[in-house]
2 protein chains.
Amino acid sequence: MRIEQTDETARQLDAVDLAILRALTRNAEMSNKALAQQLRLAESTCAHRVRSLRARGIIRDTRVRVDGAALGLPLQGIIRVRLGSHTPEGVHALFDALAATPKVLQVFHVAGVDDFLVHVAVEDAEALRDIVLRHITVHPIVRATETQLVFELRDGAGMLAEQD
Amino acid sequence: MRIEQTDETARQLDAVDLAILRALTRNAEMSNKALAQQLRLAESTCAHRVRSLRARGIIRDTRVRVDGAALGLPLQGIIRVRLGSHTPEGVHALFDALAATPKVLQVFHVAGVDDFLVHVAVEDAEALRDIVLRHITVHPIVRATETQLVFELRDGAGMLAEQD
DNA sequence: GTTGAAAAGCGACCACC
DNA sequence: GGTGGTCGCTTTTCAAC
């Protein structure tokens, strides 16, 4: 584990903070007691650190992750969206509409070949078509879409991985 | 809220289960007591439901989300990866390597124009180039990459949204 | 910033409906 | 499947280092 901090934002995070973030990023159900034991801290110290990380906004929130298949949404897709016009109002309105669409998990507003990448979870191929036709290409601003089926989605090593 | 369940997998999830999932998907820090009050359930009933959802794998896990900018990784990108050959061993090995790369948040294995979409968080443009050159295009199986900068990433309405 | 010890709150379990 | 009560543990708080 690297101890010294290099850049200005990370300077306020020491090795203990990073260890806490690593643990809670893997499993946030862990009790404060267990976390303190693992890091060889007093329970009160550990609780204090965690509260501070939340207060500073470094820990944004805590969420459960739901199994899509168990919910009847076994299929995932990425819909690449290209626009025909790019007025700020039009782009923002579409962004809002995409994010508000049921079964949409994440919306990436990107620079590059595409304008948006829409990650969705659906029950079957027909539901996927429904989203594309009834929620995306209905917007006149959308010039073209291209849908990619997700075979598998894995978590990466993440922001807190040791450098290699 | 729709009460009746239509498809077979969701049949085992009633309106109360869905309400629990909706709440914990937004904020998993909520205490069992608060959750029970919100849903007008007895605390023991509520706890029983939540434990059952976990045991059945419908709730996969609980995680904190960390602010990338606060950690010194303010830039996000999507790297689209196309392969030159598609042997199962080669594809799997690359999948493993991508998921194990520091600063990689998610890896999508997809069908379509591309083979993988790699979502990364980095400190600056040079770090992005480093990932592409030193962790992705180094693999001989990779034919081409195309990088898209992420302007903004929003959560969608999600799997539990009411149908519209 | 860190610690240990008391007080307050919470969740696990039980018999019962 | 849902209810209310008791017990044991965890978290919070606080004075002190």
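Note that the coordinates shown come from a computational prediction; the quantities given were computed from them, not determined experimentally.

To continue, consider the relation of the copies chain B and chain A. Overlay of chain B on chain A (RMSD 0.1 Å): rotation 180°, translation along the axis 0.0 Å. The symmetry that links the two subunits is that of a two-fold axis. Residues of chain B ranked by C-alpha distance from the rotation axis are headed by Arg63 of chain B, positioned 2.9 Å from it. Comparing contact sets, 100% of the residues at the interface of chain B also lie at the interface in chain A, consistent with an isologous, same-surface contact.

So, about the confidence of the model for chain A. When pLDDT is averaged along chain A, the result is 92, and 93% of the positions lie at 70 or above. The low-confidence segment residues 1–11 of chain A (pLDDT under 50) makes 16 contacts with residues lying over four places distant or belonging to another chain.

Under the 1.5 Å per step criterion, the end-to-end length of helix 4 (residues 88–99) of chain A is 17 Å for 12 residues, consistent within 8% with the ideal 16 Å. Burial in helix 4 of chain A covers these residues: Val91, Leu94, Phe95, Leu98 and Ala99 of chain A. Relative to the axis of helix 4 of chain A, the buried residues are bounded by an arc of 130° and lie together on one face. In the core, the buried residues of helix 4 of chain A are packed alongside strand 2 (75–83), strand 3 (104–111), strand 4 (116–122), helix 5 (125–136) and strand 5 (142–155) of chain A together with strand 5 (142–155) of chain B.

All right, on to the packing of helix 1 (residues 15–26) of chain B against helix 3 (residues 43–55) of chain B then. Residue and element names in this part refer to chain B. Running from N to C, helix 1 and helix 3 cross one another at 80°; their axes reach a closest spacing of 10 Å. By the angle between their directions, the pair helix 1 and helix 3 is classed as roughly perpendicular. Contact with helix 1, carried on its side by Val16, Asp17, Ile20, Leu21 and Leu24, involves Arg49, Val50 and Leu53 of helix 3 and no other residues of that element. Class assignment of the residues belonging to the contact of helix 1 with helix 3 gives a composition of 6 nonpolar, no polar and 2 charged.

Okay, the UniProt feature "domain: HTH asnC-type" (unreviewed entry) in chain A next. Taking the numbering used here, the UniProt-annotated feature "domain: HTH asnC-type" (unreviewed entry) corresponds to residues 13–74 of chain A. Within the segment residues 13–74 of chain A, helix and strand shares are 53% and 13% respectively, and the terminal C-alpha atoms sit 39 Å apart.

On to the pattern of salt bridges, then. The tally for this structure, following the rule as stated, stands at 33 salt bridges over all chains. Between Asp155 of chain A and Arg65 of chain A there is a salt bridge whose closest N-O contact spans 3.1 Å. Of the two residues, Asp155 of chain A is situated in strand 5 and Arg65 of chain A in strand 1 (residues 59–66); the sequence distance between them amounts to 90 residues. Across the pair Arg154 of chain B and Glu152 of chain B runs a salt bridge, and its minimum N-O distance is 3.1 Å. A residue is classified by how much of its surface remains accessible, and Glu152 of chain B, at 32% relative accessible area, is partly exposed. Salt bridges linked by common partners bring Asp61 and Arg63 of chain A together with Arg65 and Asp155 of chain B together as one network.

The final tally for this structure, using the stated rule, is 2 aromatic pairs over all chains. With a centroid separation of 5.3 Å and 50° between ring planes, the pair formed by Phe95 of chain A and Phe116 of chain A is classed as tilted. One end of the pair, Phe95 of chain A, is in helix 4; the other, Phe116 of chain A, is in strand 4, and 21 residues separate them in sequence. For Phe95 of chain A, a relative accessible area of 1% corresponds to the buried category. Its end group placed over the ring of Phe95 of chain B, Arg154 of chain A keeps NZ or CZ at 3.9 Å from the ring centre.

Residues in close proximity to DNA strand C include Ala42, Ser44, Thr45 and Arg49 of chain A together with Ser31, Asn32, Lys33, Ser44 and Arg51 of chain B, which together make up its full environment. Those elements giving two or more residues to the surface near DNA strand C turn out to be helix 3 (43–55) of chain A together with helix 2 (32–39) and helix 3 of chain B. By residue number, the principal contributor to the surface near DNA strand C is helix 3 of chain A, which donates 3 residues. Looking at the surface near DNA strand C, its residues break down into 1 nonpolar, 5 polar and 3 charged.

Around DNA strand D, the neighbouring residues are Ser31, Asn32, Lys33, Glu43 and Ser44 of chain A together with Ala42, Ser44, Thr45 and Arg49 of chain B. Atoms of DNA strand D within 4 Å of the protein: sugar and phosphate make up 70%, bases the balance. Within the contact set of DNA strand D, a phosphate oxygen lies 2.9 Å away from a side-chain nitrogen or oxygen of Lys33 of chain A. Contacts to DNA strand D include Arg49 of chain B, whose side-chain N or O atom sits 2.9 Å from a phosphate oxygen. When contributions to the surface near DNA strand D are tallied by element, the ones reaching two or more residues are helix 2 (32–39) and helix 3 of chain A together with helix 3 of chain B. With 3 residues, helix 3 of chain B is the largest single contributor of residues to the surface near DNA strand D. Tallied by class, the residues present in the surface near DNA strand D amount to 1 nonpolar, 5 polar and 3 charged.

What counts, and at which threshold
Along each chain, residues carry numbers from 1 onward, in the same order as the chain's sequence is written. Labels follow written order: the first chain is A, the first ligand is 1, and so on. A pLDDT threshold of at least 70 governs which residues receive local features in this predicted model, and a stricter bar of 80 or more applies before side-chain atom pairs are shown or counted, although totals over entire chains, interfaces and linings include all residues. Hydrogens and waters are ignored; side-chain quantities use all the structure's heavy atoms. To superpose the copies, least squares is applied to the C-alpha atoms of every residue with a pLDDT of at least 70 in both. Contacts: residue pairs with any heavy atoms within 4.5 Å of one another. pLDDT is defined as a per-residue confidence score from the predictor, taking values between 0 and 100. In DSSP terms, a helix is any run of H or I states spanning at least four residues, a strand is any run of E spanning at least two, and both are numbered starting from the N terminus. Expected helix span is computed as 1.5 Å times (number of residues minus one). Each residue gets one of three labels from its accessible area relative to the maximum for its type: buried under 20%, exposed over 50%, partly exposed in between, using a 1.4 Å probe on protein chains only. The reported arc concerns the directions from the helix axis to the C-beta atoms and nothing else. What counts as an axis is a line fitted to C-alpha atoms, over the stretch in contact for a helix, and the angles between N-to-C directions run from 0 to 180 degrees. Should an angle fall under 35 degrees it is called roughly parallel, over 145 degrees roughly antiparallel, and 65 to 115 degrees roughly perpendicular, with every other angle called oblique. For this scheme, ten residues count as nonpolar: Ala, Val, Leu, Ile, Met, Phe, Trp, Tyr, Cys and Pro. Four count as charged, namely Asp, Glu, Lys and Arg, and the remainder, Gly too, count as polar. UniProt positions are given in the numbering used here, feature names are shortened, and annotations may be inferred rather than shown by experiment. A pair is scored as a salt bridge if a Lys or Arg side-chain nitrogen falls within 4 Å of a carboxyl oxygen belonging to Asp or Glu. Note on aromatic contacts: the rings of Phe and Tyr and the six-membered ring of Trp form a pair at centre separations within 6.5 Å, being stacked when their planes are under 30 degrees apart, edge-to-face when over 60 apart, and tilted otherwise. Comment: the charge-over-ring label is applied if NZ (Lys) or CZ (Arg) is within 6 Å of the ring centre and within 35 degrees of the ring normal. Distances are taken per atom, and a residue is near a molecule or strand as soon as one of its heavy atoms is within 4 Å of it. Nitrogen and oxygen atoms within 3.5 Å of one another constitute a polar contact, given that in protein one can donate a hydrogen and the other can accept it, and given that sequence-neighbouring residues count only through two side-chain atoms.

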